[in-house]
Amino acid sequence: RKPITLAQLQAMYKQGEKIAMLTCYDASFAALLDQCGVDILLIGDSLGNVIQGQASTLPVTLEHIVYHTQCVVRGNRSAWVLADLPWNSYQESPAQAYASSAALMAAGAHMIKIEGLDQRSSWFTDTIAFLAERGVPVCAHMGLTPQFVHALGGYRVQGKDEASAAHLKQQARAARDAGAAMLLYEMVPAALAAEITAEVGIPTIGIGAGADCSGQVLVLHDMLNVFPGRKARFVRNFMEGADSIQAAVAAYVRAVKDGSFPAPEHAY
Ligand code: KIV
Ligand code: NA
């Protein structure tokens with residue numbers, strides 16, 4: 001497989017070919033996921049939960065994400081590499097966000113992901129524009145944004161009432177107009193994510209956002225049933241019926257590509 005490019009991901013959106021993404025934190029899994037056809041490897045700050053054993057993603061630092069990005073890049077050959085901007089590495093100013101993004105890209109990331117807070121404020125789109133104008137490909141993470149768990153009042157579905165759904169739609173257009181190349185929706189109603197995907201013009205990746213996003217992501221340790229904690233509704237255990245990790249990952253890629261994952265029971 002040739003290295004995946006942003007143009008290719010955009011073409012997949014246009015043609016309705018589903019994009020398969022998983023989180024990845026080390027070189028061995030990077031090689032395995034790449035060989036199993038995963039399109040995008042996400043060095044997520046979920047590593048705080050599944051690698052470090054933290055109660056939230058807030059203790060994760062830029063140095064942690066840089067380290068795991070370096071590890072992933074050494075194992076990967078062709079997947080697109082997306083790295084999270086962790087808590088307190090981007091909110092202070094666009095310049096802070098740029099310096100943090102530059103560190104992740106120097107570590108080998110192809111694109112950075114930034115979380116937004118569902119509120120009427122321009123810092124999020126201003127920051128996306130600042131990065132995009134300077135050659136940093138940006139994925140805007142919206143809906144439930146775990147770094148803002150305390151501001152949001154818990155890990156709950158976002159965009160359920162009419163006002164917050166309208167705001168999420170407006171935020172999607174604003175992020176796109178600011179130059180975001182990809183959107184990621186976590187825990188939003190499937191119908192809302194479908195509507196945004198149809199109209200926004202750039203790929204959307206969902207986690208707990210229904211089957212009509214352009215692609216899907218899960219936390220590796222959740223879909224392999226390794227993480228000991230309580231599972232969210234949107235998680236499916238792909239080790240069930242698989243006799244190896246490779247088989248489980250291949251089943252995930254197949255299920256995302258043929259649209260059988262997520263099923264309605266994984267959505268809101
Ligand atoms: O950190 C992470 O794993 C993520 C995904 C849940 C989207 O941001
Ligand atoms: Na994350």
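The following refers to the structure shown. (Residues numbered from 1 in each chain as written. Chains lettered and ligands numbered in written order. Predicted model: local features only at pLDDT ≥ 70, side-chain atom pairs only at ≥ 80, totals over all residues. Heavy atoms only, no water.)

### Focus on helix 4 (residues 62–75)
Okay, so step 1: Helix length check: helix 4 (14 residues) gives 20 Å between terminal C-alpha atoms against 20 Å at 1.5 Å per residue, within 8%.
Okay, so step 2: If you check which residues of helix 4 are buried, you get L62, I65, V66, H68, T69, C71, V72 and G75.
Okay, so step 3: The inward-facing, buried residues of helix 4 contact helix 2 (27–35), strand 2 (40–43), helix 3 (47–50), strand 3 (80–84) and helix 5 (94–106). (Helix = DSSP H or I, 4+ residues; strand = E, 2+ residues; numbered from the N terminus. Expected span 1.5 Å × (residues − 1). Buried < 20%, exposed > 50% of the residue type's maximum accessible area, 1.4 Å probe, protein only. Contact = heavy atoms within 4.5 Å.)

### What to know about the site of ligand 1
Okay, so step 1: Taken together, the residues surrounding ligand 1 are T23, L42, G44, D45, S46, D84, K113, H141, L184, I207, V217 and V219.
Okay, so step 2: Taking S46, its side chain carries an N or O atom lying 2.6 Å from an oxygen atom of ligand 1.
Okay, so step 3: The side chain of K113 places a nitrogen or oxygen atom 2.7 Å from an oxygen atom of ligand 1. (Near = heavy atom within 4 Å. Polar contact = N/O pair within 3.5 Å; in protein donor to acceptor, adjacent residues only side chain to side chain.)

### Describing the pairing of strand 8 (residues 215–218)
Okay, so step 1: Side-chain alternation along strand 8 places G215 and V217 on one buried face and Q216 and L218 on a second face that is also buried.
Okay, so step 2: Relative to strand 8, strand 7 (residues 204–207) runs parallel, the two being bridged by two bridges. Within strand 8, the position partnered with G206 by the bridge is Q216. (Pairing = 2+ DSSP bridges.)

### Thoughts on the environment of S164
Okay, so step 1: Within the element layout of this structure, S164 appears in helix 8 (residues 162–178).
Okay, so step 2: Taking the C-alpha atoms as reference points, S164 and G179, 15 residues apart in sequence, are found 22 Å from one another.
Okay, so step 3: Those residues in contact with S164 that lie beyond four places of it in its chain are D118 and G159.
Okay, so step 4: Within the local environment of S164, its side chain forms a polar contact with the backbone nitrogen of G159, the two atoms lying 3.4 Å apart.

### As for the coordination of the sodium ion (ligand 2)
Okay, so step 1: The sodium ion (ligand 2) binds to the protein through D45 (OD) and D84 (OD), with metal-donor distances spanning 2.2 to 2.3 Å. On the criterion of sequence distance, the pair formed by D45 in the loop between strand 2 and helix 3 and D84 in strand 3 is long-range, its members being 39 residues apart.
Okay, so step 2: Judged by relative accessible area, which is 4%, D45 ranks as buried.
Okay, so step 3: Residue class for D84 comes out buried when judged on its relative accessible area of 3%. (Donors = N, O, S within 2.8 Å, 3.2 Å for Na, K, Ca; no water.)

### Looking at the packing of aromatic side chains
Given two aromatic rings, their pairing is described by the distance between the two centres and the angle made by the two planes.
Okay, so step 1: A full pass over the atoms with the stated rule returns seven aromatic pairs.
Okay, so step 2: With a centroid separation of 6.0 Å and an interplanar angle of 75°, the aromatic rings of W87 and F148 are classed as edge-to-face. Residue W87 is found in the loop between strand 3 and helix 5, and its partner F148 is found in the loop between strand 5 (138–143) and helix 7 (149–152); the two are separated by 61 residues along the sequence.
Okay, so step 3: W87 sits in the partly exposed class, given a relative accessible area of 34%.
Okay, so step 4: For F148, a relative accessible area of 7% puts it in the buried group.
Okay, so step 5: Centre to centre, the rings of F238 and F261 are 5.4 Å apart; their planes meet at 80°, and the pair counts as edge-to-face. (Phe/Tyr/Trp six-rings, centres within 6.5 Å; stacked < 30°, edge-to-face > 60°.)

### Here's the deal with the packing of helix 6 (residues 123–133) against helix 8
Okay, so step 1: Packing of helix 6 against helix 8 leaves a shortest axis separation of 8 Å and a crossing angle of 25°. With respect to helix 8, the element helix 6 is oriented roughly parallel. You can see that helix 6 and helix 8 cross each other, and the crossing is right-handed. Along its contact with helix 6, which presents F124, T125, I128, A129 and A132, the element helix 8 presents Q171, A174, A175 and A178.
Okay, so step 2: Within the contact of helix 6 with helix 8, the residues separate by chemical class into seven nonpolar, two polar and no charged. (Axes fitted to C-alpha atoms, helices over the stretch in contact; angles between N-to-C directions. Parallel < 35°, antiparallel > 145°, perpendicular 65-115°, else oblique. Left-handed = near helix turned anticlockwise from the far one by under 90°. Nonpolar A, V, L, I, M, F, W, Y, C, P; charged D, E, K, R; others polar.)

### A short note on the side chain of K113
Okay, so step 1: Following the sequence through the fold, K113 ends up in strand 4 (residues 111–115).
Okay, so step 2: Ignoring anything within four residues of it in the chain, the contact list for K113 reads L42, L82, A83, D84, L85, C139, H141 and L184.

### Section: unusual backbone geometry
Okay, so step 1: Put simply, F261 and P262 share a cis peptide bond, and its omega is 0°.
Okay, so step 2: For P262, the position within the fold is in the segment after helix 11 (245–257).

### Brief notes about helix 6
Working note: α-helix, 3.6 residues per turn, so residues spaced by three or four point in the same direction.
Okay, so step 1: Among the residues making up helix 6, those that are buried are F124, T125, T127, I128, A129 and L131.
Okay, so step 2: Here the buried face of helix 6 lies against helix 5, strand 4, strand 5 and helix 8.
Okay, so step 3: Phi turns positive one or two residues past the end of helix 6, at G135, with a value near 85°.

### Notes on the pattern of salt bridges
Okay, so step 1: According to the stated counting rule, one finds nine salt bridges in the structure shown.
Okay, so step 2: Close ionic contact of K257 with E17 constitutes a salt bridge, the shortest N to O distance being 3.6 Å. With a gap of 240 residues between them, K257 in helix 11 and E17 in the loop between helix 1 (6–15) and strand 1 (19–23) connect regions that are remote in the sequence.
Okay, so step 3: Three or more residues are tied together by salt bridges with common partners; here these are R1, E17, D34, D39 and K257. (Salt bridge = Lys/Arg side-chain N within 4 Å of Asp/Glu carboxyl O.)

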